[in-house]
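Coordinates in review
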Amino acid sequence: MFRHVQERISRNGSMEQLYTDFSGPELVVGRGGRSSIILSSREVSLEHASFKVENGVLSVADLDSLNGVRVNGARVSRVVLSSGDRIQVGDVEFRVESADGVVSLVQRLGGESGASRGKSEVQVAEAIRGLRIDTYLPSMRALSYTALVIIVGLFFVRPMITKHSLSWSSGPISNSHKLFAANCTQCHALPFTHVRDAECQSCHSMSEHTKDMVQLASQHPDMTFRCGQCHMEHNGDGALISRDARFCVECHSSIGTFKSDSKVQNVASFDEHPQFRIPISDSSGQLGRVSIDDHARAKDATPIKLNHAVHLKRGLRGKNGPVTLDCNSCHELDSDFRVLKPIRYEQHCADCHTLGFDERLPNAQVPHGDAEGVYAALFTEYTKLFLLKTGPLTVQLPKERRMPKGTGGAQVASPAVDTSAVVASAREAERQLFTKTACFECHNVTQKPVSEQSDSNAHYRVIPPHIPNVWYSSARFSHGAHEPFSCESCHEGTRKSTKTSDLLLPEISNCRGCHVQHDKPGFVTSDCVLCHSYHASESVPRGDKKNIADYLSRLTR
């Protein structure tokens, strides 16, 4: 067993000893944490020397230390020790004592008299103080005052003098507002207060979240309705429009508590979002919203005749031969890559659905979209046909006689033409178009009352179809974002649909196959802002518009 003995002479001259025992046949001395006896001297290596007892023989070995091991003044690499030997490890000295199977390594700490020790301590303190850098520096108080003056100068005085106030900015400005990034008062009109809505609305004209918003705000003064709640600046582009759903569900999770007569359903998250609803007019013309899974009422009431099953058959008769249509043949993405272009007869229908009316006039067609102009066009075409059928008119010219000055020549008599055949043909073609063929095939047609009919006007009306371009008017949906997927993945049953009233809109269960409210591997995180907007942009009033040159001249850039 090894024992480390530390001896110290106290101030009253007595000897003090501190014992530390170590079991085992080996003892390592060094400065590192793996040593048994840890010395603080920098002249001692991490693992400096090893003391070992083998077969009752004590030895010391140098562990490749930097300053070596000395026994009785001689440097050794390994040597057998005897009681009384003095071993120097770096600048620390041990004395070996062995008795009753215990090997003691005695280390003397200090040893001066009280007076000399006090003098030595004073000298050491003076030497250390001379090495400290703060001896030659100003006091901490002076440094603090100096730093305070510098900070005040940099962050308060300099911006007010130079007009460069970016040092006051709490973060990067969004790209939308970088034009006036150095003009803080553009938004911060009042010091040490939130940006007011008036400053936002000096550039932005937005619709109210709801027509009752002003009334709601007055009824709930505890709730703040401020632009800066959702539109947080000085956070770069990422936070200019908040995507935190808590701003929405704070009201919409229990909308009835804020507006008792609200027809909006409660929505706490996308996972609990109710079924989609569409606007539907009832028999009295009142507009209401109907859930699309209410198949009895959720119908497409557009006054037009469309059979998807027929249009998606192969080999349909086309202008230049058989054609096979797909969804994109009629439903094309608009230039914004979000919504679909409106259906146009000239672009999407005319190749297959011509507006011809008589085999004798193969190149003649009535105009589309102008029911009042159909009869006039028919009358014109049949008049030309009548003239061509009877041949060129033979006009007998009378003897030439001198005309009064300024009349410019001889007068020619024109034969009278009986238009009854033209009128009869035009009216019959009109009846066929509006009750059996071209117009009737696609549109809902009504005949005018006799009181509204005349010899020169059209006798039929076409109910304007007004095909909806957007069904979910309260949502923002991008067809372009879903372009990699087939249309029928969401619009199921299209190839079997034979009625215009078939809605063919995807239900919310389709969306939940890809979208979830919270982060989930393999799904798209979908917050409220992904599909909804708090309000819509509106045109800035003409009187509030600014002149670019004048505006830029007032900016600090």
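Thresholds applied
- Residues numbered from 1 in each chain as written.
- Predicted model: local features only at pLDDT ≥ 70, side-chain atom pairs only at ≥ 80, totals over all residues.
- Heavy atoms only, no water.
- Pairing = 2+ DSSP bridges.
- Helix = DSSP H or I, 4+ residues; strand = E, 2+ residues; numbered from the N terminus.
- Core = buried A, V, L, I, M, F, W, Y, C linked by side-chain atoms within 4.5 Å.
- Buried < 20%, exposed > 50% of the residue type's maximum accessible area, 1.4 Å probe, protein only.
- Contact = heavy atoms within 4.5 Å.
- Phe/Tyr/Trp six-rings, centres within 6.5 Å; stacked < 30°, edge-to-face > 60°.
- Lys NZ or Arg CZ within 6 Å of the ring centre and 35° of its normal.
- Polar contact = N/O pair within 3.5 Å; in protein donor to acceptor, adjacent residues only side chain to side chain.
- Axes fitted to C-alpha atoms, helices over the stretch in contact; angles between N-to-C directions.

**Quick look at the sheet that holds strand 5 (residues 49-54)**
Taken together, the 5 strands give an open sheet; going across it, the order is 4-3-5-6-9, and neighbouring strands pair in mixed fashion. Edge positions in the open sheet fall to strand 4 (37-38) and strand 9 (78-80), since each of these has one partner strand only.

**Here's the deal with the nonpolar core**
Among the nonpolar cores identified, the biggest contains 22 residues, and Phe 51, Leu 81 and Ile 87 are the most heavily contacted of them. Of all the elements in the fold, those that place two or more residues in this core are strand 3 (26-30), strand 5, strand 6 (57-62), strand 7 (69-71), strand 10 (86-89), strand 11 (92-99) and strand 12 (102-109). Considering each element in turn, this core owes the most residues, 3 residues, to strand 11. If we ignore the near neighbours within four places in the chain, the residues touching Phe 51 are Phe 2, Pro 25, Glu 26, Leu 27, Val 29, Ser 59, Val 60, Leu 81, Ile 87 and Leu 105.

**Looking at the packing of aromatic side chains**
Scanning the model with the defined rule gives 4 aromatic pairs in all. Ring geometry for Phe 434 versus Tyr 460: centroids 5.3 Å apart, planes at 10°, classification stacked. Residue Phe 434 is located in helix 11 (residues 420-435), and its partner Tyr 460 is located in strand 19 (residues 460-462); the two are separated by 26 residues in the primary sequence. Just above the ring of Phe 270 sits the side chain of Arg 512; from NZ or CZ to the centre is 5.7 Å.

**Remarks on the side chain of Ser 478**
Relative to the assigned elements, Ser 478 resides in the loop between strand 19 and helix 13 (508-511). For Ser 478, a relative accessible area of 14% puts it in the buried group. One polar contact links the side chain of Ser 478 to the main-chain amide nitrogen of Gly 480, over a distance of 3.4 Å. One polar contact links the side chain of Ser 478 to the main-chain amide nitrogen of Ala 481, over a distance of 3.1 Å. Aside from chain neighbours lying at most four places away, what touches Ser 478 is Phe 337 and Arg 338.

**Here we look at the sheet that holds strand 10**
Here we have 7 strands laid out as an open sheet, ordered 2-1-12-11-10-7-8, and mixed in their pairing. Unpaired on one side and paired on the other, strand 2 (15-22) and strand 8 (74-76) mark the two borders of the sheet. The sheet shows a mean angle of 30° between the axes of neighbouring strands, taken without regard to direction. As paired elements, strand 11 and strand 12 share 6 bridges and run antiparallel to each other.

**Digging into the pairing of strand 11**
Relative to strand 11, strand 10 runs antiparallel, the two sharing 4 bridges. Its bridge partner lying in strand 11, Arg 86 is registered against Arg 95. Between strand 10 and strand 11, which pair antiparallel and follow one another directly, the connecting turn spans 2 residues, one of which, Gly 90, has a positive phi of 65°. Here strand 11 hands over to strand 12 after 2 residues, with Asp 100 in that stretch at a positive phi of 55°.

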